[in-house]
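# Coordinate inspection notes
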Amino acid sequence: MRWLRARVALAAVLVAALWVGTATAGVTTLDPEVRPVSGGKYGGVFRYSVLGDPKTFNYFLAKETSSTDILDRVFEGLTAADGVTTEVVPSLAKSWEISPDNRVITFHLRRGVQWHDGREFTADDVIFTFDLVYDPNIPNNFRDGLTIDGQPLKYEKIDDYTVRFTLPRVYAPILRAMSVPIVPKHLLHDAWREGRFNQMWGIDTDPRQIVGTGPYRMVEYRPGERIVFERNPNWWQVDQDGNPLPYIQRLEAYVAGNQDVQVLKFLNNEIDYLAPNLARVADLELQAEEKGFRLINGGPAFGTNFIVFNQNPNTVPQPKLSWFTDKAFRQAMAHALDKESIIDLAYGGLAQPQWSPIEAANVFFHKPDVKQYPYDLQRAQAILAEAGYRKGSDGRLRDPQGNVVEFELLTNAGNRARETIGTLFKADLERLGIRVNFQPIDFNLLVRKLSETFDWDAIIIGLTGGVEPASANNVWPSSGALHMWYPFQEQPATDWEARIDHLFEEGTKYLDPRERKKYYDEFQDIVAEQVPLLFTVNPEAWFAIYDYVKNARPTAYGGLFYQIGEIWLER
Amino acid sequence: MWRFIGRRLIQMIPMLLGISLLSFLIMYAAPGSFVNALKLRPDLSPETIARIEAQLGLDQPVLVQYLRWLWNLLRLDLGQSFTYQVPVTYLIGSRAVATLLLAVSSAAISWLLAFPLGVYAAVRAHTGYDRVLTFVSLLGLSIPNFFLAMLLLFAVVRWRLPLPVGGMTSPGASSWSFWEQVLDVLRHLLIPAVVLGTAGVASLTRYLRSGLLDVLRQEYITTARAKGLPERAVIWRHALRNALNVMITLFGFELGGLLSGAALTEIITSWPGLGQLILEAVQSQDYYLVMGSVTIGGVMLVLGNLIADILLAWADPRVRLT
């Protein structure tokens, strides 16, 4: 009898131990993602600087990076992009299946993911988020990327952890677009029903009420000063030993007025990390060893600067129209662009020439061997001569009809890089006999010319870039609003523009990236040959970070924050 | 006197109408609009941008937009900011205290320094001391505020001074004791207040100097000296009081400008003030935020001048309020 009681007692103790053990275990997620990191130290405060205040805490109303950079710590989507390879990876969705006809995607959500207030994340939140995306009263950034040929996706909840999307046709970019941040239904649904969604979660809201699923949540916001984040103890990513990430306890983002002040704060060790202006990298390097930080080259960045000539027959008078629509003229201009000098003068040597419309940073889609136009004024002269442009006895270049070649080059004032580009280009064209009137003007004026009046000759401007080539479908298809040299075409004006239209149509119809690459490769070759846009250079992304920040591996694409959960501080 | 005050307050109304209408028209006439920056985004379609415009009421004719704002103003509603999508009163309110703090402390520095410097400059006019002071004043006047701010911040880093590089409070300060928090804010306030204060000293000193010089030439000053009054009494008790008219008027303007903020200095020193907020609002054509600030500025200006006039009447019996 005694051994029976002992056994029961032992069993009871074991059960109790197990119960206590599981109750105090850190991880409650049933589907954690194991990250390739281990041994990090918990705790500490990571401090960095941002250039402007967030304008709203409502991701669906956020229109600029000052807001989204903050909210990206708090919210997550079904998918995300790997900070190193740029590929689409699972996030809140742990896996998905695509039907054989490529039109139906079924997402399996991670189970046991908690909102910051403890409630569980389920398919209801996903459905609610997509209701918001397609609501015509909520003007958001996500809808255009989730609309195919003008049609929204159909979406339905299969069960608490499964959501199914049906596309009107096969559309490759859709998986990347599924990174739209999921917001909590239990906190926002009533407001949405009552039509108050656009008033929710402005910056007058207590930051603790902004609830997401991400590694950090906001705990303090002092306008004009700082935003403070605390670690989410229930996050779904863990390290190799099963410990929940992130390691760092708090993040503090200080609002600084300009980049020079940021550098001062960094040198004073008031912040731990900085993405410095390229012009400051050289003198930061001089102080790096003494002060205990290092500088990391993240590689070429996304985003482009280019010179574009106006080919719009509705607004450009002759003879300028005949020059700008002449491929030989544009190719000669390309040979007159001195990219090496731009790299040295505008970027302190820390940039690479760009020849293709898809940046080198886009490692998968970039085609490195497109046609190049090395800086060669004699070659430029020869091409122009072949096309009938002659330099007169007064040194001025004249077109085949005898008109003096002269035009106006504009850009937005205050952008040092673009002003340098304009000055260099103007000087080089002078040597060819072309007089250029280079004029930096007010940004708003420039935008009006580009989007409303279309009365300009040549402009230096740039666009932000992304990994998905189809995301530029306002730019390359001839009917696009940002098809800079001749937007809103009803019919493609040239054969090559018609071909690009076709390539962009076809390019989204294949899910296999290697199949898609064929279309975008041809696209890059056409653009390099026709040079409607003269690309300049891609600056490198540099990062300055103190040595006590461990495991920091910033990249041009992901910055440092793609791995914010995997760094730790050792002081 | 009350009729005077009443009349002034009533005159404020057409003035505010004029200021607000003019500001609105100028902003409207400037190229582009609030949605401009969105037009260069490759990921936003023209339809989405048009929808945003409609939501903000930007597709209405200009007078309709102005009248809508005016109608809301009469109900004491300053509208919502386009950028922040929160009430303008919240935005201005959240920064008002910081702005006042900076304005009052920099004004204190300017005025407290200007009085002794101005008096000495007048009393020792045309001597070496006066010339040195003139030179220093002009130097202070010529250095742009933002540059001086950058210089001081650079000095903090270079010589490891125990001052913070910008901001208004230190992280975690909300859990400190009251006096520790006061000290913290004062440490952060030092550089911006000094920058703005020294800018003001120069002109105030010049005004006081010339005003006092005029008075010192008067016959009753000679009489006072002849009567045997000590020089200190002559200057501080008699001459200065008569030279104060200009200073009082200037003080009125100072009061009027308390909530304007100093944008560039605030930007450099990360001081969370109104100047920064409104500068960005003007640049992005956030109509309601700018109009809200313009209205408040107009009201402050009128009140400031009113107080100055009343003070003037009290200080100088020759002045009669009409």
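All values reported here derive from a predicted model rather than from experimental measurement. (Residues numbered from 1 in each chain as written. Chains lettered and ligands numbered in written order. Predicted model: local features only at pLDDT ≥ 70, side-chain atom pairs only at ≥ 80, totals over all residues.)

### Points about the overall build of chain A
The helix and strand tally for chain A stands at 15 helices and 27 strands. Structurally, chain A occupies a C-alpha span of about 120 × 60 × 45 Å along its principal axes. In chain A, the proportion of contacts linking residues at least 24 apart, taken out of those at least 6 apart, comes to 68%. (Helix = DSSP H or I, 4+ residues; strand = E, 2+ residues; numbered from the N terminus. Contact = placed C-beta atoms within 7 Å.)

### What to know about unusual backbone geometry
All names here are of chain A. With an omega of 0°, the peptide bond running from Leu-245 to Pro-246 counts as cis. Mapped onto the elements, Pro-246 comes out in the loop between strand S13 (237–238) and strand S14 (250–255). Of note, the bond from Gln-318 into Pro-319 is cis; its omega dihedral lies within 30 degrees of zero at 0°. In this fold, Pro-319 is placed in the loop between strand S17 (304–309) and helix H8 (320–324). Its identity is not glycine, yet Val-531 carries a phi of approximately 35°, on the positive side.

### Points about helix H15 (residues 513–530) of chain A
Side chains that are three or four residues apart share a direction in an α-helix, a result of its 3.6 residues per turn. Residues and elements named next belong to chain A. Counted at 1.5 Å a residue, the expected span for H15 with its 18 residues is 26 Å, and the 25 Å between its end C-alpha atoms agrees. Where H15 is buried, its residues meet helix H14 (495–507). Backbone geometry just after H15 places Val-531 at a positive phi near 35°. (Expected span 1.5 Å × (residues − 1).)

### Section: helix H8 (residues 178–216) of chain B
Its 39 residues place the ends of H8 of chain B only 48 Å apart at the C-alpha level, less than the 57 Å of an ideal helix rising 1.5 Å per residue. Along its length, H8 of chain B reaches its greatest deviation from straightness, about 40°, at Leu-189 of chain B, and the proline Pro-192 of chain B lies no more than four positions downstream. (Bend = angle between axes of the 7 residues up to and from the residue.)

### Quick look at the sheet that holds strand S12 (residues 226–231) of chain A
All names here are of chain A. Taken in spatial order, the four strands make up an open sheet running S2-S14-S12-S11, and their pairing is mixed. Only two strands of the sheet have a single neighbouring strand rather than two, namely strand S2 (45–50) and strand S11 (216–222). Each strand axis lies, on average, 20° off the axis of its neighbour in the sheet, ignoring direction. Looking at chain direction, S12 and S14 are connected through five bridges and run antiparallel. Residue pairing across strands places Arg-226 opposite Tyr-254, the latter belonging to S14. (Pairing = 2+ DSSP bridges. Axes fitted to C-alpha atoms, helices over the stretch in contact; angles between N-to-C directions.)

### Overview of the pairing of strand S5 (residues 93–98) of chain A
All names here are of chain A. Pairing of S5 with strand S6 (residues 104–109), which is carried by five bridges, proceeds in the antiparallel orientation. The residue bridging Ser-95 from the neighbouring strand is His-108, located in S6. Between S5 and the antiparallel strand that follows it, S6, lie five residues; Asn-102 among them carries a positive phi value of about 65°.

### So, the packing of helix H5 (residues 88–123) of chain B against helix H13 (residues 287–315) of chain B
Residue and element names in this part refer to chain B. Between H5 and H13, the shortest axis-to-axis distance is 9 Å and the interhelical angle comes to 60°. It follows from the interaxial angle that H5 and H13 lie oblique. Both H5 and H13 take part in a crossing whose hand is right-handed. Touching Val-88, Leu-91 and Ile-92 of H5 are Tyr-288, Leu-289, Gly-292, Ser-293 and Ile-296, all from H13. Along the lines of polarity and charge, the residues of the contact of H5 with H13 split into six nonpolar, two polar and no charged. (Parallel < 35°, antiparallel > 145°, perpendicular 65-115°, else oblique. Left-handed = near helix turned anticlockwise from the far one by under 90°. Nonpolar A, V, L, I, M, F, W, Y, C, P; charged D, E, K, R; others polar.)

### Some words on the interface of chain B and chain A
The interface of chain B with chain A comprises 38 residues on the first partner and 45 residues on the second. It is helix H3 (residues 46–55) of chain B that contributes the most residues to the side of chain B that touches chain A, five residues altogether. Each residue belonging to the side of chain B that touches chain A can be placed in one class, and the counts come to 21 nonpolar, 13 polar and four charged.

### Focus: the packing of H8 of chain B against helix H10 (residues 231–256) of chain B
Residues and elements named next belong to chain B. For the pair H8 and H10, interaxial distance at closest approach is 8 Å and the crossing angle is 145°. Here H8 runs over H10; the crossing is right-handed. Here H8 contributes Leu-204, Tyr-207, Leu-208, Gly-211, Leu-212, Val-215 and Leu-216 to the contact with H10, which in turn contributes Ala-239, Leu-240, Asn-242, Ala-243, Val-246, Met-247 and Leu-250. A per-class count over the contact of H8 with H10 returns twelve nonpolar, two polar and no charged.

### What about the sheet that holds strand S23 (residues 458–463) of chain A?
All names here are of chain A. Pairing in this open sheet of five strands is mixed, and the strands run S22-S21-S23-S17-S24 from one edge to the other. On the outer flanks of this sheet lie strand S22 (435–441) and strand S24 (533–535), each paired with one strand and no other. For this sheet the average axis-to-axis angle between neighbouring strands, irrespective of direction, equals 30°. Both strand S21 (residues 406–412) and S23 contribute to a ladder of two bridges, which runs parallel. Bridged to Leu-409 within S23 is Ala-458.

### Topic: the confidence of the model for chain B
Taken over all residues, the pLDDT of chain B has a mean of 87, while the share at 70 or more is 100%. The ipTM for the predicted assembly is 0.84, set against a pTM of 0.86. (pLDDT = per-residue confidence, 0-100.)

### Examining the environment of Ile-227 of chain A
All names here are of chain A. Tracing the sequence through the fold places Ile-227 in strand S12. Judged by the 23 C-beta atoms lying within 10 Å of it, Ile-227 falls in the buried class. Taking the C-alpha atoms as reference points, Ile-227 and Pro-54, 173 residues apart in sequence, are found 9.1 Å from one another. Not counting the four nearest positions on each side in its chain, Ile-227 is found in contact with Pro-54, Ile-70, Met-218, Tyr-221 and Ala-253. (Buried ≥ 20, exposed ≤ 12 C-beta atoms within 10 Å, placed from the backbone.)

### Quick look at the environment of Leu-377 of chain A
Relative to the assigned elements, Leu-377 of chain A resides in helix H11 (residues 377–386). Between the alpha carbons of Leu-377 of chain A and Gly-214 of chain A there is a distance of 54 Å; along the sequence they are 163 residues apart.

### Here we look at the confidence of the model for chain A
Residues and elements named next belong to chain A. On average, residues of chain A score 91 in pLDDT, and 95% of them are at 70 or above. Averaged pLDDT values for the elements of chain A fall to 54 in helix H1 (residues 2–24) and rise to 97 in strand S10 (residues 162–166). Confidence over residues 16–27 falls short of pLDDT 50; this stretch has six contacts with residues more than four positions distant or in other chains.

### Some thoughts on the environment of Asn-305 of chain A
All names here are of chain A. Of note, Asn-305 is situated in strand S17. On the basis of neighbour count, Asn-305 is assigned to the buried category, with 24 C-beta atoms found within 10 Å. Taking the C-alpha atoms as reference points, Asn-305 and Thr-464, separated by 159 residues in sequence, lie 9.0 Å from one another. Sequence-distant contacts of Asn-305, defined by excluding residues within four places in its chain, comprise Ala-417, Arg-418, Ile-421, Ile-460, Gly-462 and Thr-536.

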